[in-house]
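Each chain is listed here by its residues.
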Amino acid sequence: MSKKSNTSKRYTAEFKRDAVALVHSSGKTVTEVARDIGVSPEGLRNWVNQDKTDRGQGPAGALTTAEREELVRLRRKVREMEQTIEVLGKATAFFANHKTK
């Protein structure tokens, strides 16, 4: 049994697009293409499935890459706003407790 690395390689969008195109044009299986280009079959399969979703051919409810990116951006913005609200709440409480008479 092989050990799985805690660090994953990051591939560019262009590399992923080219790998997916190779799957579609080569007549080889995902596993064969993955072996040829040195990526995991699971990773390449995910890229192929995401490509289908991005082209409107994925399962119902699956998020496109653009939707995933937007979700990440919005979640980050919500976290920032929650932090701002927390700081403002603390500042309001501080100034309310330290009013000069």
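The paragraphs below set out a description of the structure included in this document. As the structure is a prediction and not an experimental result, all values here were calculated from the model.

**Focus: the overall build of the protein**
Each helix and strand in the protein was counted, giving four helices and zero strands. Secondary structure elements of the protein occur, N-terminal to C-terminal, as α-α-α-α. For the protein, the C-alpha radius of gyration of 23 Å lies well beyond 13 Å, the compact-globule estimate for 101 residues. When the backbone C-alpha atoms are referred to their principal axes, the protein occupies close to 80 × 35 × 25 Å. Classification of the 101 residues of the protein by burial places 13% in the buried group. Relative to all contacts within the protein whose residues are 6 or more apart in sequence, the contacts with residues 24 or more apart total 33%. Approximately 8,700 Å² of the protein is accessible, and the part contributed by carbon and sulfur atoms is 55%. Here the protein holds 20 positive side-chain charges and 13 negative ones, and the gap between their average locations is 7 Å.

**Overview of the pattern of salt bridges**
Working definition: two side chains of opposite charge can pair if their charged atoms are close together. Inspection of every chain in the model, using the stated rule, returns four salt bridges. A salt bridge links Glu-70 to Arg-73, with the shortest nitrogen-to-oxygen separation between them at 2.9 Å. With Glu-70 and Arg-73 both in helix H4 (residues 65-97) and three residues apart, the pair spans about one turn of that helix. Glu-70 sits in the partly exposed class, given a relative accessible area of 34%. For Arg-73, a relative accessible area of 41% corresponds to the partly exposed category. The partner of Lys-90 in a salt bridge is Glu-86, with the nearest N and O atoms 3.2 Å apart. Residue Lys-90 and its partner Glu-86 are both found in helix H4; the two are separated by four residues, about one turn of the helix. The exposure class of Lys-90 is exposed, given its relative accessible area of 56%.

**Considering the environment of Thr-29**
Mapped onto the elements of the fold, Thr-29 is located in the loop between helix H1 (13-26) and helix H2 (30-37). Remark: the alpha-carbon pair of Thr-29 and Arg-45, spanning 16 residues in sequence, is separated by 9.9 Å.

Conventions adopted
Residues numbered from 1 in each chain as written. Predicted model: local features only at pLDDT ≥ 70, side-chain atom pairs only at ≥ 80, totals over all residues. Heavy atoms only, no water. Helix = DSSP H or I, 4+ residues; strand = E, 2+ residues; numbered from the N terminus. Rg over C-alpha atoms; globule rule 2.2 N^0.38 Å. Buried < 20%, exposed > 50% of the residue type's maximum accessible area, 1.4 Å probe, protein only. Contact = heavy atoms within 4.5 Å. Areas by Shrake-Rupley, 256 points an atom, 1.4 Å probe, with all protein chains shown as cover. Lys, Arg positive; Asp, Glu negative; His and termini not counted. Charge placed at Lys NZ, Arg CZ, Asp CG, Glu CD. Salt bridge = Lys/Arg side-chain N within 4 Å of Asp/Glu carboxyl O.

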